Amino acid sequence: MSKLDLTATQQAQIKAIMQNKRGDRTADRAEHQAERAQMDQQIQALTNASTLNTAALNRLADQRAAKEKQRFIERVQTQHAIAQVLTAEQRAKMEQMKSERQEKGRKHSKDRKGHDKQHQGM
């Protein structure tokens, strides 16, 4: 964000958005940990059962998908709120920086795969 030349007002607005998001996450953290532990126990029970209960498995998959959907929605809402604070030029610059990061990640991943293949032959 420092490369976007934000005004003091923009910095304060974005900080407030991020603090609000962080506060929500902190409040829900214990609840999420308990839900995750319960789901892990259910997965373990399904795994150890002599026959697979596909109905229970489907319910767990639906629960996990619903949680992922909610995280996705919250992430996009936060990105939208931040984008509304930025000027058109800043949004374009942020999109360019995002594309560069993604390209760098793809290059790193590609390089890593080549590195792994070299060591598999040893």
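Here the structure is a predicted model, which is why all the values come from computation and not from measurement. (Residues numbered from 1 in each chain as written. Predicted model: local features only at pLDDT ≥ 70, side-chain atom pairs only at ≥ 80, totals over all residues. Heavy atoms only, no water.)

Q: Help me get a handle on the side chain of T78, residues and values and all.
A: Structurally, the position occupied by T78 is in helix 2 (residues 54-85). Contacts of T78, omitting those with residues within four sequence positions, involve I17, M18 and K21. (Helix = DSSP H or I, 4+ residues; strand = E, 2+ residues; numbered from the N terminus. Contact = heavy atoms within 4.5 Å.)

Q: Could you give me a rundown of helix 2, with the residues and numbers involved?
A: For helix 2, built from 32 residues, the straight-helix expectation of 46 Å at 1.5 Å per residue is met to within 8% by its first-to-last C-alpha distance of 47 Å. Considered for burial, the residues of helix 2 that qualify are A56, L60, T78, I82, A83 and V85. (Expected span 1.5 Å × (residues − 1). Buried < 20%, exposed > 50% of the residue type's maximum accessible area, 1.4 Å probe, protein only.)

Q: Go over the nonpolar core, please, and point to the residues and values.
A: Membership of the largest hydrophobic core is limited to eight residues, which are L4, L6, I14, I17, I82, V85, L86 and M97. Breaking this core down by element, the ones donating at least two residues are helix 1 (8-48) and helix 2. With sequence-adjacent residues up to four places away left out, I14 is seen in contact with M1, L6, I82, V85 and L86. (Core = buried A, V, L, I, M, F, W, Y, C linked by side-chain atoms within 4.5 Å.)

Q: Can you explain unusual backbone geometry? Please cite residues and give values.
A: Residue D5 is not a glycine yet carries a positive backbone phi of 55°. By secondary structure assignment, the location of D5 is in the segment before helix 1. Classification of D5 by relative accessible area gives exposed; the value is 64%.

Q: Quick rundown of the pattern of salt bridges? Include the residues and the values.
A: For the structure shown, the criterion picks out three salt bridges. Its salt-bridge partner being E35, residue K67 comes within 2.8 Å of it at the nearest N-O pair. Note that K67 is positioned in helix 2 and E35 in helix 1, a separation of 32 residues in sequence. E103 is paired through a salt bridge with R106; the nearest N and O atoms lie 3.2 Å apart. (Salt bridge = Lys/Arg side-chain N within 4 Å of Asp/Glu carboxyl O.)

Q: Please provide a residue-by-residue account of the confidence of the model for the protein chain, values included.
A: Averaged over every residue, the pLDDT of the protein chain is 88; the share at 70 or more is 91%. Mean pLDDT in the protein chain bottoms out at helix 3 (residues 88-120), which sits at 82, and peaks at helix 2, which reaches 94. (pLDDT = per-residue confidence, 0-100.)

Q: How would you summarise the side chain of Q10 if you had to cite specific residues and measurements?
A: With respect to the helices and strands, Q10 occurs in helix 1. Taking relative accessible area as the criterion, Q10 reaches 7% and is therefore assigned buried. Within the structure, the side chain of Q10 is placed 2.6 Å from the side chain of Q90, a separation counted as a polar contact. Excluding residues within four positions of it along the chain, Q10 makes contact with D5, V85, L86, T87 and Q90. (Polar contact = N/O pair within 3.5 Å; in protein donor to acceptor, adjacent residues only side chain to side chain.)

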